[in-house]
Amino acid sequence: EDGDKLVHGQQGEVVGPATGVHQGNGLKLLFPGNKGSINCYLYQFSVEKPPPLPGGHEAGDQLYYTGPNKSFKNGDKLTHGQQGEV
């Protein structure tokens, strides 16, 4: 991982046409804080700000998992009381 990320509702700058599997169906964007541009499909864009996330949460909100402990086949796990970031 290079540390680049996509954040719900974040505005980016179009830097060119998409490449690879996105070619012909997307654009390459540079988002604030990222080192490089990211290929995105056209359906992932809007000229208007997107609707809020479910529950009225925003990117960066700190939340706690209140469900039961759970393990996944890939090794990931959820722990009751664990803090996460939207």
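Residues numbered from 1 in each chain as written. Predicted model: local features only at pLDDT ≥ 70, side-chain atom pairs only at ≥ 80, totals over all residues. Heavy atoms only, no water.

### Thoughts on the packing of aromatic side chains
To be explicit about the condition: Under the pairing criterion, centres of Phe, Tyr and Trp rings, with the six-membered ring standing for Trp, must be within 6.5 Å; the plane angle then separates stacked pairs below 30 degrees from edge-to-face pairs above 60, leaving the rest tilted. Partly exposed residues are those whose accessible area sits between 20% and 50% of the maximum for their type, while under 20% is buried and over 50% is exposed, using a 1.4 Å probe and protein chains only.
Counted by the stated rule, this structure contains 1 aromatic pair. Centre to centre, the rings of Tyr41 and Tyr43 are 5.7 Å apart; their planes meet at 10°, and the pair counts as stacked. Overall, the relative accessible area of 26% leaves Tyr41 in the partly exposed class.

### Points about the confidence of the model for the chain
The following threshold applies: Here pLDDT means the predictor's own confidence in every residue, given as a number from 0 to 100. Think of it this way: any DSSP run of H or I at least four residues long counts as a helix, any run of E at least two long counts as a strand, and we number them from the N terminus.
Model confidence for the chain is summarised by a mean pLDDT of 91, while 99% of its residues fall at 70 or above. Looking over the chain, one finds the lowest element-wise mean pLDDT in strand β7 (residues 83-85), namely 92, and the highest in strand β1 (residues 13-17), namely 96.

### Digging into the sheet that holds strand β3 (residues 38-41)
We count it as follows: When DSSP finds two or more bridges between a pair of strands, those strands are recorded as paired. The angle between two axes is taken between their N-to-C directions and runs from 0 to 180 degrees, where each axis is a line fitted to C-alpha atoms and a helix contributes only its stretch in contact.
Ordered in space as β1-β2-β3, the 3 strands form an open sheet in which the pairing is antiparallel. In this open sheet, the two strands that pair with only one neighbour each are β1 and β3. Strand-to-strand, the axes of this sheet are offset by a mean angle of 40°, without reference to chain direction. Here strand β2 (residues 26-30) pairs with β3 via 4 bridges, running antiparallel. Bridging across to β3, Lys28 finds its partner in Asn39.

### Considerations on the side chain of Asn34
Threshold: Residue contacts are defined here by distance: any two heavy atoms, one from each residue, within 4.5 Å place the two residues in contact.
On the secondary structure map, Asn34 appears in the loop between β2 and β3. Exposure remark for Asn34: the relative accessible area of 11% places this residue in the buried category. Discounting residues that sit within four places of it in the chain, Asn34 has contacts with Gly3, Asp4 and Lys5.

### Some points on the environment of Pro51
Take Pro51: it is sitting in the loop between β3 and β4 (62-64). Remark: the alpha-carbon pair of Pro51 and His8, spanning 43 residues in sequence, is separated by 9.6 Å.

### Notes on the environment of Val14
Along the chain, Val14 falls in strand β1. With relative accessibility at 49%, the residue Val14 sits in the partly exposed group. With 25 residues separating them along the chain, Val14 and Asn39 place their C-alpha atoms 9.9 Å apart. Residue contacts for Val14: discarding those within four places in its chain leaves Leu27, Lys28 and Leu29.

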